[in-house]
Amino acid sequence: MVSKPQGFYQRLQELPLPAQQAFMAALCERLLPNYMLYEQTTGQGDSHTLRTVLSLVWERLNVPNASIDFARQAEKLAECEPPEEDDSFGARRALDAVVSVSALLDTLQGDSPEAVLDVSRTSRAGVRAFIELTEGEVDSQALALIIRDHPLMADENDFQDAVLEAVSEPLDKAAMKAVRELGRNGGISNLGLTLDEVEE
């Protein structure tokens, strides 16, 4: 298993909570296209609600005293999960997006110190699973090297590093907007997928 140096996670945990939340929100933005692809190809899911909940999070980050009922949003979010019986790769990656936004909501409703690490690891684990899926049958040692050197994993690590740097700066509205734009990543997900790829 390939993991980032401990220093990365330590820095994440030492960030003030609003910076951690901005980090998580940016990663969630980048997971959204995977969910939307799942919805588009299966007819299951509700990306509109997922997007709305994430937009409300950004609103709260920009306006800390904005009155938003995040407990209600968490209920709506639970309804966005793919059906339990769907164990497809697409469903698991769609669930990653829901679980990550849910972890972010937890931090807005109370104490959830591990959430930022969970979201970071969920995004990396999705990339790792995608590489495993596309590489086919290879032994675990060879696979570990393939994952470590894979362009998608390098891109994931670079992306998380860039977001960490961005949220380590003072976060005024302009900076927050830039972090959100960074998260959107031109519509390309952490798996290198965009919605255009399924639009025939």
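Reading the values: rules and limits
Residues numbered from 1 in each chain as written. Predicted model: local features only at pLDDT ≥ 70, side-chain atom pairs only at ≥ 80, totals over all residues. Heavy atoms only, no water. Helix = DSSP H or I, 4+ residues; strand = E, 2+ residues; numbered from the N terminus. Rg over C-alpha atoms; globule rule 2.2 N^0.38 Å. Buried < 20%, exposed > 50% of the residue type's maximum accessible area, 1.4 Å probe, protein only. Contact = heavy atoms within 4.5 Å. Expected span 1.5 Å × (residues − 1). Arc of directions from axis to C-beta. Salt bridge = Lys/Arg side-chain N within 4 Å of Asp/Glu carboxyl O.

**Quick notes on the overall build of the chain**
A count of helices and strands for the chain gives nine helices and zero strands. For the chain, whose C-alpha radius of gyration is 16 Å, the value lies close to the compact-globule estimate of 16 Å for 200 residues. With respect to the three principal axes, the spread of C-alpha positions in the chain is 50 × 40 × 30 Å. For the chain, the residues scored as buried account for 44% of the 200 residues in total. Put simply, 75% of the contacts in the chain that link residues at least 6 apart link residues at least 24 apart.

**Here's the deal with helix H9 (residues 173–184)**
With 12 residues, H9 should reach 16 Å at 1.5 Å per residue; the first-to-last C-alpha distance of 17 Å fits that figure. Taken together, the buried positions of H9 are Ala175, Met176, Val179 and Gly183. Relative to the axis of H9, the buried residues are bounded by an arc of 100 degrees and lie together on one face. Projecting away from the buried face of H9 at angles above 90 degrees are the exposed residues Lys173, Ala174, Lys177 and Glu181. Packing partners of the buried residues in H9 comprise helix H2 (17–42), helix H3 (47–62) and helix H8 (151–167). The positive-phi residue at the C-terminal boundary of H9 is asparagine 185, with phi of around 55 degrees.

**Regarding unusual backbone geometry**
Unusually for a residue other than glycine, asparagine 185 sits at a positive phi of about 55 degrees. The residue asparagine 185 is located in the segment after H9 in this model.

**Observations regarding the pattern of salt bridges**
Under the defined criterion, the tally for this structure stands at 10 salt bridges. Arginine 92 serves as the salt-bridge partner of aspartate 87, at 3.4 Å between the closest nitrogen and oxygen. Under the relative-accessibility criterion, aspartate 87 is labelled exposed at 56%. A residue is classified by how much of its surface remains accessible, and arginine 92, at 35% relative accessible area, is partly exposed. Each member of the salt-bridge network shares a partner with another, and the members are Glu29, Arg51, Arg180 and Arg184.

What is shown is where atoms sit, not what they do.
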